[in-house]
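Listed here are the chains, written in short residue letters.
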Amino acid sequence: MVDSRLDVFDLGEADQSKKEEVKLKGAIPDPTIYKGVEDIKSYVGRIFDFMVQLEEQYKSNSGNILITGHRCTTGCIGAYFKGIPEDKNILCYSSNNGEFKIYTFKEELNVHR
């Protein structure tokens, strides 16, 4: 299945630019310079929304679920289970190419929504 809530973080006009040429504000392209840069809270919200729905639908099943995505997506999924780090760097939970992480839904829904 494909779900657009798991789409990569939208870099707006900075997309397809060379990384070293992009003016950053923190970890993202500066939204005052580049139009269309996604709001970080909205991004986290859509990933967490997907995870809440997935958890509600499948937490009582004993099977496995495989989710693939870019580093920002896998990092945000990790933040759903582990909480958003103090420094807000969700990429610390990311899976690198060819790697995977295993998470388990708890008895109660995660509180990191």
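Further up the page is the structure itself.
About the criteria used
Residues numbered from 1 in each chain as written. Predicted model: local features only at pLDDT ≥ 70, side-chain atom pairs only at ≥ 80, totals over all residues. Heavy atoms only, no water. Patch = residues over 30% accessible without salt bridge, like charges linked within 9 Å, V, L, I, M, F, W, Y side chains within 5 Å. Areas by Shrake-Rupley, 256 points an atom, 1.4 Å probe, with all protein chains shown as cover. Salt bridge = Lys/Arg side-chain N within 4 Å of Asp/Glu carboxyl O. Lys, Arg positive; Asp, Glu negative; His and termini not counted. Charge placed at Lys NZ, Arg CZ, Asp CG, Glu CD. Helix = DSSP H or I, 4+ residues; strand = E, 2+ residues; numbered from the N terminus. Disulfide = S-S within 2.5 Å. Buried < 20%, exposed > 50% of the residue type's maximum accessible area, 1.4 Å probe, protein only. Expected span 1.5 Å × (residues − 1). Contact = heavy atoms within 4.5 Å.

There is a patch of like positive charges on the surface, built from K19, R71, K82 and K101. Inspection of the secondary structure puts R71 in helix α2 (residues 71-82).

Tallied over the entire structure, the rule returns zero disulfides. For the unlinked cysteine C72, the closest cysteine sulfur is that of C76, found at 8.3 Å. Assessed through its relative accessible area of 16%, C72 is described here as buried.

In this section: α2. The terminal C-alpha atoms of α2 lie 16 Å apart, and with 12 residues this matches the ideal 16 Å at 1.5 Å per residue to within 8%. Burial of α2 is extensive: 10 of the 12 residues sit out of reach of the surface. Of the residues making up α2, those classed as buried are C72, T73, T74, G75, C76, I77, G78, A79, Y80 and F81. Summarising the contacts, the buried residues of α2 are in contact with α1 (40-58). Directly after α2, the chain includes G83, whose backbone phi takes a positive value near 95 degrees.

As for its placement among the helices and strands, R46 is situated in helix α1. With relative accessibility at 18%, the residue R46 sits in the buried group. In this view, R46 contacts S4, R5, L6, D7, V8, F9, D10 and E38; residues no more than four positions away in its chain are not counted.

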